[in-house]
Amino acid sequence: MKTTGGSDAAKRAAGERAADAVQDGTTVGLGSGSTAAHAIRAIGRAVDAGLDVRGVPTSFAARQLAIEAGVPLAGLDEVDRIHLAIDGADQVTPDGDCVKGGGAAHAREKVVDAFADRLLLVVDPSKEVDVLDHPVPVETLPDAWPTVADRVEVLGGEATLREGDRKDGPVVTDNGNLVLDCAFGAVEGPTRLAAELSATPGVVEHGLFVGLADAVYVGREDGVDVRTV
């Protein structure tokens, strides 16, 4: 359930501006999605020009792109620190809370983003909202999705099993799990909902990223707005 909207120029501006924050000798979390992809390519060009970095990818797709871009990689279990992570979002509020998981990579994204010293979100203007209302992706153990769906209903949401594109059956994550897209309408209390979803047996991870971002880079046709949160 990938989000659409926003020009490629705006996405490129945000991703490349955030890549400028990567310093020599650092370990960088490499996010997933079309805007984060521009940051990965920009880091690759900087590596080609002599920048010394290691990247920790958040998904199979991010890993493949980083390899193509020439970014040296390490697994999360091979590093003792991530100095900076750059990642996209499906929606983001003025205080930096966001919904992620349109590409079904939010479990690994959250591990890397939370471990990083700083998290930079890169988005285009179409992702900015005052209140989160995008369906929240919830990764579940395969056998647990019906019971998780029931719990989502108790919490006031409606869960839909994400179906695969050009394949029979549901989307399967890089971790071998399934994804429920859970519509709650306007999420007035993201901290509370995040805690309730996390406490649900069978939930591997959900796409509410609350209190993790340090800055939001909003790419526009004429530049980038950088907002510290």
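Refer to the structure presented above.
All of the points below concern the structure found in this document. As the structure is a computational prediction, the values presented were derived from the model and not from experiment. (Residues numbered from 1 in each chain as written. Predicted model: local features only at pLDDT ≥ 70, side-chain atom pairs only at ≥ 80, totals over all residues. Heavy atoms only, no water.)

### Things to note about a nonpolar patch on the surface
A cluster of nonpolar side chains, namely Leu76, Val111 and Phe115, defines an oily patch on the protein surface of about 230 Å² accessible area. Mapped onto the secondary structure, Val111 falls in helix α4 (residues 106-115). Its relative accessible area of 44% is what places Val111 among the partly exposed residues. (Patch = residues over 30% accessible without salt bridge, like charges linked within 9 Å, V, L, I, M, F, W, Y side chains within 5 Å. Areas by Shrake-Rupley, 256 points an atom, 1.4 Å probe, with all protein chains shown as cover. Salt bridge = Lys/Arg side-chain N within 4 Å of Asp/Glu carboxyl O. Helix = DSSP H or I, 4+ residues; strand = E, 2+ residues; numbered from the N terminus. Buried < 20%, exposed > 50% of the residue type's maximum accessible area, 1.4 Å probe, protein only.)

### Quick word on the side chain of Asn177
As for its position among the elements, Asn177 is in the loop between β8 (158-161) and β9 (178-183). Asn177 has contacts with Glu139, Thr140, Leu141, Pro142, Val171, Val172 and Val204, leaving out every residue within four places of it along the chain. (Contact = heavy atoms within 4.5 Å.)

### Details of the sheet that holds strand β5 (residues 98-99)
One open sheet holds the three strands; their spatial order is β4-β5-β11, and the pairing between them is antiparallel. Edge positions in the sheet fall to β4 (91-92) and β11 (208-209), since each of these pairs with one other strand and no more. (Pairing = 2+ DSSP bridges.)

### Regarding the sheet that holds strand β3 (residues 82-87)
As a general point, the strands of a sheet are linked pairwise by backbone hydrogen bonds and lie either parallel or antiparallel. Spatially, the six strands line up as an open sheet ordered β2-β1-β3-β6-β12-β13, and their pairing is mixed. What marks the edges here is a single partner per strand, and that holds for β2 (53-57) and β13 (223-228). On average, each strand axis in the sheet is inclined to that of its neighbour by 20°, with strand direction left out of account. Bridging between β3 and strand β6 (residues 116-123) involves five bridges; their strand directions are parallel. Paired with Ile86 across the two strands is Leu120, which belongs to β6. On the sheet, helix α1 (residues 8-19) packs against β3, β6, β12 (215-220) and β13 and is oriented at approximately 140° with respect to β12. (Axes fitted to C-alpha atoms, helices over the stretch in contact; angles between N-to-C directions.)

### Regarding the pattern of salt bridges
The tally for this structure, following the rule as stated, stands at 12 salt bridges. Between Glu16 and Arg45 there is a salt bridge; the shortest N-O distance is 3.0 Å. Here Glu16 is found in helix α1, whereas its partner Arg45 is found in helix α2 (residues 34-48), with 29 residues between them in sequence. Lys127 is the partner of Asp124 in a salt bridge, and the nearest nitrogen-oxygen pair spans 3.0 Å. Classification of Lys127 as buried rests on a relative accessible area of 6%. Linked by salt bridges that have partners in common, Asp8, Arg12, Glu16 and Arg45 make up one network.

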